[in-house]
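As a plain string of letters, each chain reads:
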Amino acid sequence: DGPRDSIASLLRHYAVSEERMVVTEMLPQETHLVHKRQADVFLDTLTYNAHSTAVELLWSGVAVVSVAGRSMAGRVAASVLLAHTAEVTLARNAMDMEHLALRLLTSPHTLKRVKLHLERKREMKGLLFDYPAWTRSYEA
């Protein structure tokens, strides 16, 4: 039993269709963002968070569910979520992360609201995606 089987078992336990789980192999650069858009929710790892993957997923409109860890590597996705004002998907702990993920996976209304928020923030070029402002800030 690998991670895919464990997650599939958990999905079945909570009556979430296994077909909603997307696992891909390495993809060419030009197509990987397109494939990410197929997902509704990304469940982050606890010890070593998503880094650039979290940014790409938010850009693609995918809800990233994460929790801030103890080490720098475990807090990156939390920082990304806060920079994108997507703290609605930032959990307080592992149990809260599980509850949040289940709420998103079992409530189409909640998921739609979160995804619309992410889309609006991307279009507004908030802190995370306003590259000219980020560059000016960095250079100052």
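Given the structure is predicted, the values throughout are model-derived calculations rather than measurements.

What counts as what
Residues numbered from 1 in each chain as written. Predicted model: local features only at pLDDT ≥ 70, side-chain atom pairs only at ≥ 80, totals over all residues. Heavy atoms only, no water. Helix = DSSP H or I, 4+ residues; strand = E, 2+ residues; numbered from the N terminus. Polar contact = N/O pair within 3.5 Å; in protein donor to acceptor, adjacent residues only side chain to side chain. Contact = heavy atoms within 4.5 Å. Pairing = 2+ DSSP bridges. Axes fitted to C-alpha atoms, helices over the stretch in contact; angles between N-to-C directions. Left-handed = near helix turned anticlockwise from the far one by under 90°. Nonpolar A, V, L, I, M, F, W, Y, C, P; charged D, E, K, R; others polar. Salt bridge = Lys/Arg side-chain N within 4 Å of Asp/Glu carboxyl O. Buried < 20%, exposed > 50% of the residue type's maximum accessible area, 1.4 Å probe, protein only. Expected span 1.5 Å × (residues − 1). pLDDT = per-residue confidence, 0-100.

A. Layout of unusual backbone geometry. In the Ramachandran plot, Ala15 falls in the positive-phi region, its phi being about 60° despite a non-glycine side chain. You can see Ala15 is positioned in the loop between α1 (3–13) and α2 (29–36).

B. Layout of the side chain of Thr110. Along the polypeptide, Thr110 turns up in helix α6 (residues 108–123). Of the polar contacts made by the side chain of Thr110, one reaches the side chain of Ser107; its length is 2.8 Å. If we skip the residues at most four places from it in the chain, Thr110 touches Arg103 and Leu104.

C. Spatial organisation of the sheet that holds strand β3 (residues 90–91). Here three strands make up an open sheet; going across it, the order is β1-β2-β3 and the pairing parallel. Edge strands, defined here as strands with exactly one partner in the open sheet, are β1 (41–43) and β3. In this sheet, β3 lies alongside strand β2 (residues 63–67) in parallel orientation, the contact comprising two bridges. Bridge pairing in β3 links Ser66 to Leu90.

D. Structural view of the packing of α2 against helix α3 (residues 52–59). Interaxial distance between α2 and α3 falls to 8 Å at its minimum, and their mutual angle equals 65°. Our pair here, α2 against α3, has a crossing hand that is right-handed. Between α2 and α3, the residues in contact are His32, Leu33 and Lys36 and Thr53, Glu56 and Leu57, respectively. Tallied by class, the residues present in the contact of α2 with α3 amount to two nonpolar, two polar and two charged.

E. Focus on the pattern of salt bridges. According to the stated counting rule, one finds three salt bridges in the structure shown. Across the pair Lys36 and Glu56 runs a salt bridge, and its minimum N-O distance is 2.6 Å. Separated by 20 residues along the polypeptide, Lys36 in helix α2 and Glu56 in helix α3 bring together distant segments of the chain. The class for Lys36 is buried, based on a relative accessible area of 18%. A relative accessible area of 22% places Glu56 in the partly exposed class. The partner of Asp96 in a salt bridge is Arg92, and the shortest N-O contact between them spans 3.7 Å. By relative accessible area, Asp96 is classed as buried at 16%.

F. Expanded view of helix α5 (residues 94–106). Compared with the 18 Å implied by 1.5 Å per residue over 13 residues, the 18 Å span of α5 between its first and last C-alpha is a close match. Within the sequence span of α5, burial applies to Asp96, Met97, Leu100, Ala101, Leu102, Leu104 and Leu105. Against α1, β1, β2, β3 and α6 lie the buried residues of α5. The opening residue of α5 is Asn93, an N-cap whose side-chain oxygen sits 3.1 Å from the backbone nitrogen of Met95.

G. How the structure looks around the confidence of the model for the chain. Of all residues in the chain, 99% attain a pLDDT of 70 or more, and the chain-wide mean is 85. Put simply, α2 is where the chain has its lowest mean pLDDT, 78, and β2 is where it has its highest, 93.

H. Examining the environment of Val65 more closely. Looking at where Val65 falls in the secondary structure, it is placed in strand β2. Each C-alpha atom, one on Val65 and one on Ala101, is 6.6 Å from the other, the two residues being 36 residues apart in sequence. Once residues within four sequence positions are removed from consideration, Val65 is found in contact with Val41, Phe42, Leu43, Asp44, Thr89, Met97, Leu100, Ala101 and Leu104.

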